[in-house]
Amino acid sequence: MFVDRVFRVPRVWSNKELRKIAFHCSGDVVNVSGWEDRDKEGGRYRDYFVNAKSYYITNFTGWRGLQGCANEIFLDLSVNLPEWFYRRFDTVFSHTTLEHILDVRKALANLCEMSKDAVIVVVPFCQAVHESESYGDYWRFTPSCLRKLFLENGFEVVYESETGRPNAGVYLFALATRNPERWVVKVPRSPGAQNAGAWIGKRSAGRFLRAALRCGRPRTTRWPAAGV
């Protein structure tokens, strides 16, 4: 149950974040390395983008690779894009893919090159290593890292957030765009993710109380600062 929580909490959280943004996205949308396009809550990401004119999925080879489904395109993010991809989509969406590509600068540059307008990424800030025979697990990201990588490609992050739940993985969510003036009036106000993971290592008052009672300590024990 605990292992399930570690992975499920950040996924459910990132799905909620995407729902805040996706309905603003129109035109052509692509889910990069989207596997089966599942949101792991019984739905599909294509249904989040209700105003999209078209919706595509890209995949690579190996486990969780090409599916043979409609509107699926083969794509290797670690090499130069085929000419067809250049600014082909209005919105490019990528969920927990970048950590699996060794040349992450090239991969993010490709996401930006594919987009006329917006790129939405979900990446791990703190998560257990997860890899297979088909792909490795190379990177964890900070908000500053994402901002700088996007700026290198002419994009500005206009919305960002982080999972803030203890005893679970921590994802970062970021929306970056070539046209920030169009998006700042659409996206919800957010404090950002300036102090991502600030709660790590802290114990909530509730958890401390349970631990104290198990040890037979009196309730007059001095409380530590509560975590997020």
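The structure under discussion appears in the preceding block.
The following paragraphs examine the structure supplied in this document. Please read all numbers here as calculations on a predicted model, not as lab measurements.

### Regarding the pairing of strand β1 (residues 27-31)
For β1, the buried fraction is high: five of the five residues fall into the buried class. Pairing of β1 with strand β2 (residues 52-59) involves five bridges; the strand directions are parallel. Note on β2: the bridge partner recorded for Val30 is Tyr56. Bridging between β1 and strand β4 (residues 89-95) involves three bridges; their strand directions are parallel. Looking across to β4, one finds that Val29 is bridged to Thr91.

### Here's the deal with the sheet that holds strand β3 (residues 72-74)
Sheet architecture is open: seven strands sit in the order β3-β2-β1-β4-β5-β7-β6, paired in mixed fashion. The sheet terminates laterally at β3 and β6 (156-162), the two strands that pair on one side only. Within the sheet, the average angular offset between the axes of one strand and its neighbour, ignoring direction, is 20°. Sheet topology note: the strand β5 (residues 115-126)/strand β7 (residues 170-177) ladder contains eight bridges and is antiparallel.

### A short note on helix α2 (residues 104-114)
Buried within α2 we find Val104, Ala107, Leu108, Asn110, Leu111, Cys112 and Met114. On its buried side, α2 packs onto β1, β4, β5 and α3 (143-152).

### Some details on the environment of Thr58
Here Thr58 is to be found in strand β2. With a relative accessible area of 0%, Thr58 lands in the buried category. Spatially, the C-alpha atom of Thr58 lies 7.7 Å from that of Trp35, the residues being 23 residues apart in sequence.

### Points about the pattern of salt bridges
Any two side chains of opposite charge can pair, given that their charged atoms come close. What the rule picks out here adds up to eight salt bridges. Of the charged contacts, one joins Arg46 and Asp37 as a salt bridge, the two residues approaching to 3.8 Å between their closest N and O atoms. Among the residues examined, Arg46 registers a relative accessible area of 32% and is labelled partly exposed.

### Brief notes about the pairing of β5
If a strand is regular, its side chains alternate between the two faces of the sheet. For β5, the buried fraction is high: nine of the 12 residues fall into the buried class. Pairing of β4 with β5 involves six bridges; the strand directions are parallel. Bridge pairing in β5 places Ser94 opposite Val121. Tracing the backbone out of β4, into α2 and back to the parallel element β5 gives a crossover that is right-handed.

### A look at α3
For α3, the full list of buried residues reads Pro143, Leu146, Leu149 and Phe150. Mapping the buried residues of α3 onto a view down its axis gives an arc of 135°, with all of them on the same face. Set apart from the buried face of α3 by more than 90 degrees, the exposed residues are Lys148 and Leu151.

### Regarding the nonpolar core
The biggest cluster of nonpolar side chains holds 32 residues, and the ones touching the most others in it are Leu98, Met114, Val121 and Phe150. Counting residues per element, the ones that place at least two in this core are β4, α2, β5, α3 and β7. Element by element, the count of residues in this core is highest for α2, at six residues. Residues in contact with Phe150, not counting those within four places in the same chain, are Leu108, Cys112, Val119, Val121, Phe155, Val157 and Ala176.

### Here's the deal with unusual backbone geometry
A positive phi angle, near 65°, is found at Lys40, a position not held by glycine. By relative accessible area, Lys40 is classed as partly exposed at 44%. One non-glycine residue, Thr96, lies in the positive phi region at around 45°. Mapped onto the fold, Thr96 is located in the loop between β4 and α2.

How each quantity is defined
Residues numbered from 1 in each chain as written. Predicted model: local features only at pLDDT ≥ 70, side-chain atom pairs only at ≥ 80, totals over all residues. Heavy atoms only, no water. Buried < 20%, exposed > 50% of the residue type's maximum accessible area, 1.4 Å probe, protein only. Helix = DSSP H or I, 4+ residues; strand = E, 2+ residues; numbered from the N terminus. Pairing = 2+ DSSP bridges. Axes fitted to C-alpha atoms, helices over the stretch in contact; angles between N-to-C directions. Contact = heavy atoms within 4.5 Å. Salt bridge = Lys/Arg side-chain N within 4 Å of Asp/Glu carboxyl O. Right-handed = clockwise from strand over helix to strand, strands pointing away. Arc of directions from axis to C-beta. Core = buried A, V, L, I, M, F, W, Y, C linked by side-chain atoms within 4.5 Å.

Read these as layout, nothing more, since geometry by itself doesn't imply function.
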